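The residues making up each chain are set out below.
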Amino acid sequence: MYADVAVCLPLARTFVYRLNQHVEPGCRVVVPFRKREVEGFVIGFRKDAPADLEVHEIGSVLDTIPLVRSDIFRLCRWIANYYVTPIGEVLKAALPPGISAKHVDGVKHSPPRRGGVARQPAGCRAGVVSSAETFRQHSLEASPCRARASRPPLGGGEFALTADQTNALSRITCSHGFHPVLLHGITGSGKTEVYMQAVEHCLHAGKTALILVPEIGLTPQLTDRFAERFPNQTAILHSSLTKRQRIDEWLRIYRGEVPIVIGTRSAVFAPLENLALIVVDEEHETSYKQEEVPRYHARDTAVMRAKLAGAAVVLGSATPSMESFHNAESHKYDYLMLTTRVEGRPLPVVEIVNMREEYAAEGKQVVLSRRLLQAVSARLERGEQTMILLNRRGYAAFLLCRHCGFTFQCNSCSVAMTYHRSIEKLLCHYCGLARRPPARCPECDSEYIHYVGEGTERLEAELKHQFPDARIGRIDRDAMRHIRDYERVLGGFRAGDIDILAGTQMIAKGHDFPRVTLVGVIGADAPLALPDFRAAERTFQLLTQVAGRSGRGDRPGEVVIQSYFPDHYTFQLAITQRFEDFYARESRYRKAMFYPPFTALAGIMVADRDAVRAGNTAREIGEYLDSLRSNAIRILGPAPAPLERIKRMHRHQLLIKSASRSTLHQLLGRLREYIEDRKLGATRVFIDVDPVSLL
Ligand code: ADP
Ligand code: ZN
Ligand code: ZN
């Protein structure tokens, strides 16, 4: 017997090895490979080996039972195919790092805890108590609201669902089999409550549910609400867990001890059986896309997983991605709308301050406009809370010599270094390089060094200066070394110990602070300047999300946006928060420019320390693609990437737009063979299907 082995290396093809013992498909093995030993997955078997090849024996077998079960295995195959990425790398990403056979052997031999079921190898299921029954018992014991299905749940407060919520819930729960749903609910419309009741419904039927969130740290409330409603039934998978904790959580799921999993991107691989529901919260978030190999999008992968499992999948957002809304519009997804805030609360009133006029009036550039200062004062007097968003960390965006125009760039990246006053350093936000800010210009020796553009550190200082008696908190990656810092500040804000919370987009996410009645947005223009066709979409999403933090309690909210381009359609449409108008407007642009969601897009990035070699390889790839070109295809580039150099790598980029997904797919398949056949040495080439970042 021979096995097809996918080695965990960036290689698309699989290799044949002779088997010397019994191995289940999906098990990991160690095999000799080009004078090394590498790990791989057994993905299939064959009777004969190819005659013209020298075939080696498998070195050792790491797993006695497969860690990647057959359903997850199928999902991995889909990813490998759709994202044109090596199956070995996908399988590796599907497991928690550091998991080894001994963890799982424990699964096989130790008695199950809490009535859970020890997992059996595929094919040995007969006679096993179904985990569904175990879950049913769990939910009957553990969930107090179960017996009163249609009445308000205890854990969530004493309220009746809104008509929109009721409708959404019944549409989600009455379906059988694969059912993709876009749940478009404005901020504060009670989406989380719909998720939780849909999960309850699942558990009642003895099934399991998977909840994906963009970043756990940013959604502690959602996690807490689930943990509270479903005690002992929820496993949590996220990146701030230690390796060991992550393995333990994963094992609880693998053993069938918990019916609910909440997790970030990679939780889409959670080994739940009997899956009936997947929720993707804030489906528009870019953090669902993995930016390293395998470059999968967890939202789209979740839809595929639901399809394979015959489950419902709910994509929830107040600002759906253009892609998902397009899928709803073309009836690929069911579309459910929550149009009102709970308890009839109004959406906040949004106002835009023209910062050019502000400059004219003040005679200098200011961080906080008079209008915003006055609105904050009013909140302080009334004992209400304020959030202020500035989506850049640090003190000053960059240092500029006013004498010769010199700016301080990172040595390794083509970006300006950001000034951080608390540590008195210039930092590169791309590679982390730190250096002391010089007192004199290294070019002309002048001492007229100017700090340009503000960050959250400066905003905090400015707020302290303007409101010396206010209690001010700040949230960004510098202030938050650990998830606990984050929880402490958010907890303080919730408890009313903080009056003004300033921060980066970390504060824009799904928080629910009833006493916030003012949200300020500073530097709202910045993202529009990025060379990215999604800039307007991102800006609209961020503004709508952050505005949604205001007026969630009894008192109505207000939003003040500071902009130098107040007439831009993104701001005008954000004022009214009319998503459909934005979608229509943006669709016209995307169609005209041949961009997603109306075409399939792939990015090819060529990176090399040697600038000439990077450019040459990119040109060769461009020529190769040209030779395959068809009418459905448009190719942009090769051209230097907007961020031309990162971590000393010179980067060149090509974009492929295709009217047909399958044409694109064929083209990429041939490109990958071409890349693997050509020995490119130190040059690295990345294929990114459905890229979310083009920088
Ligand atoms: P969203 O996720 O859509 O922004 P949430 O689910 O966080 O909204 O709901 C906002 C708040 O309203 C939460 O505190 C929630 O407990 C509460 N809530 C949800 N549904 C209702 C309802 N039908 N009546 C009253 N309050 C509700
Ligand atoms: Zn100078
Ligand atoms: Zn750098």
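Rules used throughout
Residues numbered from 1 in each chain as written. Chains lettered and ligands numbered in written order. Predicted model: local features only at pLDDT ≥ 70, side-chain atom pairs only at ≥ 80, totals over all residues. Heavy atoms only, no water. Domains from an automatic or database assignment. Buried area = accessible area lost by both parts, 1.4 Å probe. Polar contact = N/O pair within 3.5 Å; in protein donor to acceptor, adjacent residues only side chain to side chain. Nonpolar A, V, L, I, M, F, W, Y, C, P; charged D, E, K, R; others polar. Helix = DSSP H or I, 4+ residues; strand = E, 2+ residues; numbered from the N terminus. Buried < 20%, exposed > 50% of the residue type's maximum accessible area, 1.4 Å probe, protein only. Contact = heavy atoms within 4.5 Å. Donors = N, O, S within 2.8 Å, 3.2 Å for Na, K, Ca; no water. Tetrahedral: all angles 85-135°; square planar, octahedral: opposite > 155°, others 65-115°. Pairing = 2+ DSSP bridges. Axes fitted to C-alpha atoms, helices over the stretch in contact; angles between N-to-C directions. pLDDT = per-residue confidence, 0-100. Expected span 1.5 Å × (residues − 1). Parallel < 35°, antiparallel > 145°, perpendicular 65-115°, else oblique. Left-handed = near helix turned anticlockwise from the far one by under 90°. Near = heavy atom within 4 Å. Areas by Shrake-Rupley, 256 points an atom, 1.4 Å probe, with all protein chains shown as cover.

### Things to note about the domain arrangement of the protein
Domain boundaries assigned for the protein yield domain 1 (2–101), domain 2 (129–343), domain 3 (346–395 + 454–589) and domain 4 (600–689). Taking only C-alpha atoms, the centre of domain 1 and the centre of domain 4 are 28 Å apart. Broken down residue by residue, the surface that domain 1 buries against domain 4 is led by A12, Y82 and V84, which jointly contribute 66%. Run the count over domain 1 and domain 4 and you get three residue pairs in polar contact (both at pLDDT 80 or more). A class-by-class count of the residues in the side of domain 1 that touches domain 4 yields eight nonpolar, two polar and one charged.

### Regarding unusual backbone geometry
In the segment running from P596 into P597, the intervening peptide bond is cis, with an omega of 5 degrees. Among the secondary structure elements, P597 is positioned in the loop between α17 (579–593) and β25 (600–608). A cis amide bond links G637 with the next residue in sequence, P638, at an omega value of 10 degrees. Looking at the secondary structure, you find P638 in strand β26 (residues 633–646). Of note, E424 is a non-glycine position whose phi angle comes to about 55 degrees, a positive value. Inspection of the secondary structure puts E424 in the loop between β17 (418–420) and β18 (425–427).

### Section: the side chain of E358
Structurally, the position occupied by E358 is in helix α11 (residues 355–362). A relative accessible area of 4% means that E358 is categorised as buried. Not counting residues within four places of it along the chain, the set of residues in contact with E358 comprises V353, V366, S369 and R370.

### Focus on the coordination of the zinc ion (ligand 3)
Within the first shell, the zinc ion (ligand 3) binds the protein through C410 (SG), C413 (SG), C428 (SG) and C431 (SG), at distances of 2.3 Å. Classification of the site at the zinc ion (ligand 3) as tetrahedral follows from its four donor atoms and the range of 103 to 114 degrees in their angles at the metal. Read in sequence order, the donor residues for the zinc ion (ligand 3) give the motif C-x2-C-x14-C-x2-C. Note that C413 is positioned in the loop between β16 (396–401) and β17 and C428 in the loop between β18 and β19 (434–435), a separation of 15 residues in sequence.

### With respect to the sheet that holds strand β28 (residues 684–689)
Within the open sheet, the four strands sit side by side as β26-β27-β25-β28. Their pairing is antiparallel. Taken across any chain shown, the strands that pair with only one partner, and hence form the sheet edges, are β26 and β28. For this sheet, the mean angle separating the axes of adjacent strands, direction not counted, is 20 degrees. In the packing of helix α18 (residues 611–628) onto the sheet, the strands contacted are β25, β26, β27 (649–658) and β28, and the crossing angle to β27 comes to about 15 degrees.

### Here's the deal with the confidence of the model for the protein
When pLDDT is averaged across the protein, the result is 86; 91% of the residues are at 70 or more. When pLDDT is averaged over each helix and strand of the protein, the minimum, 38, is found for helix α4 (residues 131–142) and the maximum, 98, for helix α9 (residues 298–309). Long-range and interchain partners of residues 108–156, a stretch whose pLDDT sits below 50, account for 77 contacts in this model, where long-range means more than four residues apart.

### Remarks on helix α15 (residues 535–547)
For α15, which comprises 13 residues, the first-to-last C-alpha distance of 18 Å matches the rise-based estimate of 18 Å (1.5 Å per residue) to within 8%. The buried fraction of α15 amounts to 12 of the 13 residues, a majority that puts the element mostly inside the structure. Among the residues of α15, A535, A536, E537, T539, F540, Q541, L542, L543, T544, Q545, V546 and A547 are the ones counted as buried.

### A few points about the packing of helix α1 (residues 70–82) against α9
Running from N to C, α1 and α9 point in directions that differ by 135 degrees, and their axes come no closer than 10 Å. In terms of axis orientation, α1 runs oblique to α9. Between α1 and α9 lies a crossing whose hand is right-handed. Of the residues in α9, those touching α1 at D71, I72, R74, L75, W78 and I79 are D300, T301, M304, R305 and L308. Among the residues making up the contact of α1 with α9, the classes are represented as six nonpolar, one polar and four charged.

### Here we look at the site of ligand 1
Ligand 1 sits among 18 residues. The nearest are A160, Q165, G188, K191 and D512. S189 places a main-chain nitrogen or oxygen 3.3 Å from an oxygen atom of ligand 1. For ligand 1, whose accessible area on its own is 560 Å², the fraction buried by protein is 86%. Sort the elements by how many residues they give to the shell around ligand 1 and helix α6 (residues 191–204) lands first, with three residues. Taken together, the residues of the shell around ligand 1 break down into five nonpolar, seven polar and six charged.

### Describing the coordination of the zinc ion (ligand 2)
Donor atoms from the polypeptide that coordinate the zinc ion (ligand 2) comprise C401 (SG), C404 (SG), C441 (SG) and C444 (SG), at 2.3 to 2.4 Å from the metal. Its four donor atoms give the zinc ion (ligand 2) angles of 106 to 113 degrees at the centre, a pattern that matches the tetrahedral case. Counting residues between consecutive donors of the zinc ion (ligand 2) along the chain gives the motif C-x2-C-x36-C-x2-C. Of the two residues, C401 sits in strand β16 while C441 sits in the loop between β19 and β20 (449–454), which places them 40 residues apart along the sequence.

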